[in-house]
Amino acid sequence: MLPIGRTIVPDVIGEQRLVTLSTGDTVRAAVDMMTERRIGAVPVVDDGRLVGIFTERDVVTRVVKAGRDPDGTLLAKVMTPDPETLAPNDTVRDALDLMQDGHFRHLPVIDGDRLIGIVSIRDLYQSVVDQMGADIIMLAEGLLQG
């Protein structure tokens, strides 16, 4: 299978511990959580529905550059609203194309109307590398047997 043909679920995100915040959380709470978990983005959910995404880029451009106070600024004011999303059966290629076209590094994964995960460019890179390694081993074994 071509690495870019793998599907987002289960090939890329598998069993992921998803964390979310709400529009009423502060930038400080988001940055603290992102730093603690070593993640670059967090989905923003209200009433069980994805309403936005808050990323490292949002911190730089909408908080720091704008001179906002992270302790008093709510995510509702600085998140990226209504982000592009992926479906579970979208391929790695679909995700890479969407990321390239939109200049994104993170994409939420939605199943129907339910948020089930988030994919980063790092996740996609690792998936491609893993599959290529498996493909090389399979080809080498075939050559040795042939």
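Visitor: Any chance you could explain the pattern of salt bridges here in plain terms?
Guide: It is possible for side chains of opposite charge to pair when their charged atoms get near one another. For the structure on display, the rule yields 4 salt bridges. With its nearest N and O atoms 4.0 Å apart, the salt bridge here joins Arg105 to Glu56. Separated by 49 residues along the polypeptide, Arg105 in the loop between α5 (92–102) and β4 (106–111) and Glu56 in helix α3 (residues 56–64) bring together distant segments of the chain. Classification of Arg105 by relative accessible area gives partly exposed; the value is 36%. For Asp97, the salt bridge goes to Arg93, with nearest N and O atoms at 3.1 Å. A residue pair is termed a helical-turn pair when its members lie 3 or 4 positions apart in one helix, as Asp97 and Arg93 do in helix α5 at 4 residues. Given a relative accessible area of 34%, Asp97 falls into the partly exposed group. Look at Arg93 and you get partly exposed, because its relative accessible area is 42%.

Visitor: When you look at α5 in this model, what are you seeing that I'm missing?
Guide: For an α-helix the count is 3.6 residues per turn, leaving residues at separations of three or four pointing the same way. Among the residues making up α5, those that are buried are Val92, Ala95 and Met99. Taken down its axis, α5 places every buried residue within 65° of arc, on the same side. The outward face of α5, more than 90 degrees from its buried face, is lined by the exposed residues Gln100 and Asp101. Looking one or two residues past α5, His103 carries a phi angle of roughly 60°, positive in sign.

The rules behind these values
Residues numbered from 1 in each chain as written. Predicted model: local features only at pLDDT ≥ 70, side-chain atom pairs only at ≥ 80, totals over all residues. Heavy atoms only, no water. Salt bridge = Lys/Arg side-chain N within 4 Å of Asp/Glu carboxyl O. Helix = DSSP H or I, 4+ residues; strand = E, 2+ residues; numbered from the N terminus. Buried < 20%, exposed > 50% of the residue type's maximum accessible area, 1.4 Å probe, protein only. Arc of directions from axis to C-beta.

Read these as geometric descriptors, not functional statements.
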